[in-house]
Amino acid sequence: MKSGFIAITGRPNAGKSTLLNHMIGEKVAIVSNKPQTTRTKILGVHTGDDFQVVFIDTPGIHKPHNKLGRRMEKYIYSATQDIDAMIYVVDCNIKADELALEKESLKGLKTAEIPVILAVNKIDTLPKLHLLPILDKLKDLYNFADIVPISAQKGENIPALFDRIKDLLAEGPKFFPDDTITDQPERQIVAEYIREKALRLLNREVPHGIAVEIERMKQRENGTYEILAAIYCEKQSHKGIIIGKGGEKLKQIGSLARGDIERFLNSKVYLELWVKVKEDWRNKENFISDIGFD
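Just so we're clear, the structure is a prediction, and the values are computed from it rather than from any experiment.

1. Observations concerning the overall build of the chain
Part 1 of the reasoning: In terms of helices and strands, the chain carries nine helices and 10 strands.
Part 2 of the reasoning: Looking at the 294 residues of the chain, the share that counts as buried comes to 52%.
Part 3 of the reasoning: Nonlocal contacts in the chain, meaning residues at least 24 apart in sequence, comprise 71% of its contacts between residues at least 6 apart.
Part 4 of the reasoning: Per element, the accessible surface of the chain, about 14500 Å² overall, is 48% carbon and sulfur.

2. Things to note about the pattern of salt bridges
Part 1 of the reasoning: Tallied over the full model, the rule gives 18 salt bridges.
Part 2 of the reasoning: For the salt bridge of Lys197 with Asp260, the shortest nitrogen-to-oxygen distance reads 3.0 Å. Highlighted residues: Lys197 in helix α6 (residues 186-201) and Asp260 in helix α8 (residues 248-265), separated in sequence by 63 residues. Side by side, Lys197 and Asp260 carry an identical accessibility label, which is buried.

3. Description of the environment of Ile24
Part 1 of the reasoning: Positionally, Ile24 belongs in helix α1 (residues 16-24).
Part 2 of the reasoning: Setting aside anything within four residues of it in sequence, one finds Ile24 in contact with Gly44, Val45, His46, Phe55 and Ile181.

4. Description of the side chain of Glu234
Part 1 of the reasoning: Position of Glu234 among the secondary structure elements: in the loop between β9 (225-233) and α7 (236-243).
Part 2 of the reasoning: A polar side-chain atom of Glu234 sits 3.3 Å from the main-chain amide nitrogen of Trp281.
Part 3 of the reasoning: Leaving out residues up to four positions away in the same chain, Glu234 has contacts with Gly209, Val277, Lys278, Glu279, Asp280, Trp281 and Arg282.

5. Brief notes about the sheet that holds strand β10 (residues 269-277)
Part 1 of the reasoning: Taken in spatial order, the three strands make up an open sheet running β8-β9-β10, and their pairing is mixed. Lying at the two open borders of the sheet, with one neighbouring strand each, are β8 (211-219) and β10. For this sheet the average axis-to-axis angle between neighbouring strands, irrespective of direction, equals 15°.
Part 2 of the reasoning: With nine bridges connecting them, β9 and β10 associate as parallel partners. Within β10, the residue paired with Leu228 across the bridge is Glu272.
Part 3 of the reasoning: In the packing of α6 onto the sheet, contacts are made with β8, β9 and β10, and the angle to β8 comes to roughly 130°.

Here is what the cut-offs are and how they apply
- Residues numbered from 1 in each chain as written.
- Predicted model: local features only at pLDDT ≥ 70, side-chain atom pairs only at ≥ 80, totals over all residues.
- Heavy atoms only, no water.
- Helix = DSSP H or I, 4+ residues; strand = E, 2+ residues; numbered from the N terminus.
- Buried < 20%, exposed > 50% of the residue type's maximum accessible area, 1.4 Å probe, protein only.
- Contact = heavy atoms within 4.5 Å.
- Areas by Shrake-Rupley, 256 points an atom, 1.4 Å probe, with all protein chains shown as cover.
- Salt bridge = Lys/Arg side-chain N within 4 Å of Asp/Glu carboxyl O.
- Polar contact = N/O pair within 3.5 Å; in protein donor to acceptor, adjacent residues only side chain to side chain.
- Pairing = 2+ DSSP bridges.
- Axes fitted to C-alpha atoms, helices over the stretch in contact; angles between N-to-C directions.

Taken by themselves, the reported measurements are silent on function.
This is the structure:
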């Protein structure tokens, strides 16, 4: 039996959560095209006949601007401690002036003690002839154990990446039962599904200022789940944007989230959403902890 812990890191929007979901075969991390979608460490487990890989997805490496950002930064660096290897994800559409940022991020992670695989993601969006020069530039960023071009969205070359990961595992026990795919509580996953739909549907200035808290979640005798969730925003003006004209935007968020939640819980769901204003909540330590960022 071989096993190990593998951190998935990189800068925002590189495709880390999409890669985690593909590795696990289930949606345990939400995804969107907006930076800092992932706010906490997310653990995903893949168990095979003779191996178990525990993946740790992390928030995108960025310069924090508030207390929530600083807590996210702690998640990143704590996730890179006591691991067996790291996957560093880079968007293949990287611009020349962004290479220095990637190099600085790798330097700050203190990865010298462990093998680091560079996963060059989104290769489905780039002509093959343009990929080789980019790979040539990226290889100079760090002493990588390997460089694997992939498309996490399309699944292209993921088996090759997985084989390379298994090569790095050492003999060891299973850390989780065979049927475990994540350590996240159901309430946390449900809250993240709701936040994902809000991220996709709301204007650019609103999403980073929202959080979702599950206030009530219980299963009725007939198997249906009753869920009451609060969407917090930082400004009164944002509340109106989230609700939308005649409540249409909030209904759309709820409708899309309900589909994911029902698939996850394998049951019918009655979902009720409320929007609340909590000014400057991203700088309130107690509130950040209360809604699950611990």
